[in-house]
Amino acid sequence: MREELLAKRSADIRGMFGRITPRYDLLNRILSLGQDVRWRREVADRVARIAPGRALDICTGTGDLALALPASHPAYGSDFCLPMLVRARAKAVRSGRRLPVFVADALRMPIADGALGVVTVAFGIRNFENLESGLRELARVLRPGGTLLALEFSRPRGPLAPLLGWWMRHVPARVGRLVSGDPEAYAYLTESAQSFPEGRELCGVLERVGMRPLEATPVTGGVATLYVAAKPRPTGDREEKA
């Protein structure tokens with residue numbers, strides 16, 4: 001299943017997200033029962049405590065997470081889907097926030113090595129054409145000691161797992177088809193979430209690209225997981241040569 005989804009090239013996924021842009025925010029609220037707002041607020045609160053300096057929200061979509069980040073720190077948003085960024089800019093203007101945005105593929109970002117203190121991403125890494133290459137790129141643009149905070153869908157655990165699992169498998173595709181008029185997009189959401197590596201497996205990928213996983217915290221019964229990872233600081237001879 002994962003191999004079939006990876007066959008959807010970036011251009012296909014970009015077009016799919018472009019088509020659902022007008023109903024994207026509404027569907028996020030409906031399908032998460034409003035929980036996505038709480039999840040993003042948790043990420044924003046973590047960023048505020050880190051006080052990172054320059055932060056980038058990749059796969060920013062319509063900018064919900066980027067606009068939730070602390071106004072006291074420079075924040076930017078990037079995405080490979082231009083219609084989403086147009087909507088993000090409009091939301092920033094309405095809210096009185098300054099949010100510079102730019103079009104970029106997360107696997108090839110026009111950013112210098114070590115330029116960022118924090119990278120955030122909400123429900124975007126499962127769309128990477130190559131997961132390991134994408135995470136390696138995020139590690140590249142983080143400065144030593146910088147932090148990655150990533151929200152991603154996962155498979156529910158615990159007493160409510162059967163109910164939540166049923167919801168994830170059946171509701172997004174049906175509601176998404178009715179509200180957005182695009183049956184492919186929300187079928188893809190369900191399939192990609194079900195086949196994506198999670199928990200220790202994803203932490204293992206983070207380790208392979210040079211990051212140090214700090215936590216993988218399930219939220220709302222495991223429907224999503226918040227991953228926090230740090231880029232190690234140089235030590236010993238490596239630090240002296242830097």
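Just above sits the structure.
What you are looking at is a predicted structure, and each value in this text was computed from that prediction instead of being measured. (Residues numbered from 1 in each chain as written. Predicted model: local features only at pLDDT ≥ 70, side-chain atom pairs only at ≥ 80, totals over all residues. Heavy atoms only, no water.)

Draft legend 1. Main features of the sheet that holds strand 3 (residues 101-103). Pairing in this open sheet of seven strands is mixed, and the strands run 3-2-1-4-5-7-6 from one edge to the other. The open sheet terminates on both sides in strands that have one partner only, identified here as strand 3 and strand 6 (212-219). With strand direction ignored, the average angle separating the axes of adjacent strands in the sheet is 15°. Pairing analysis gives three bridges linking strand 2 (residues 75-79) to strand 3, with the strands arranged parallel. Bridge pairing links Asp79 to Val103 in strand 3. The strands touched by helix 5 (residues 82-95) are strand 2 and strand 3; relative to strand 3, the strand with the most contacts, the crossing angle is about 175°. (Pairing = 2+ DSSP bridges. Helix = DSSP H or I, 4+ residues; strand = E, 2+ residues; numbered from the N terminus. Axes fitted to C-alpha atoms, helices over the stretch in contact; angles between N-to-C directions. Contact = heavy atoms within 4.5 Å.)

Draft legend 2. Inspection of the state of the cysteines at higher detail. Inspection of the entire model under this criterion finds zero disulfides. Counting only cysteine sulfurs, Cys81 is the nearest neighbor of Cys59, a cysteine outside any disulfide, at a range of 11 Å. We classify Cys81 as buried; its relative accessible area is 0%. (Disulfide = S-S within 2.5 Å. Buried < 20%, exposed > 50% of the residue type's maximum accessible area, 1.4 Å probe, protein only.)

Draft legend 3. Spatial organisation of the nonpolar core. In this structure, Phe17 and Tyr186 are the most contacted members of the largest nonpolar core, which totals 37 residues. Elements with a contribution of two residues or more to this core: helix 2 (10-31), helix 3 (35-50), strand 4 (116-122), strand 5 (142-153), helix 7 (161-180), helix 8 (183-195) and strand 7 (224-230). Ranked by the residues each element gives to this core, the list is headed by helix 2, at seven residues. Excluding residues within four positions of it along the chain, Phe17 makes contact with Tyr24, Cys81, Met84 and Asn127. Of all hydrophobic cores here, the second largest spans 28 residues; its members include Val141, Leu142, Phe196 and Tyr227. (Core = buried A, V, L, I, M, F, W, Y, C linked by side-chain atoms within 4.5 Å.)

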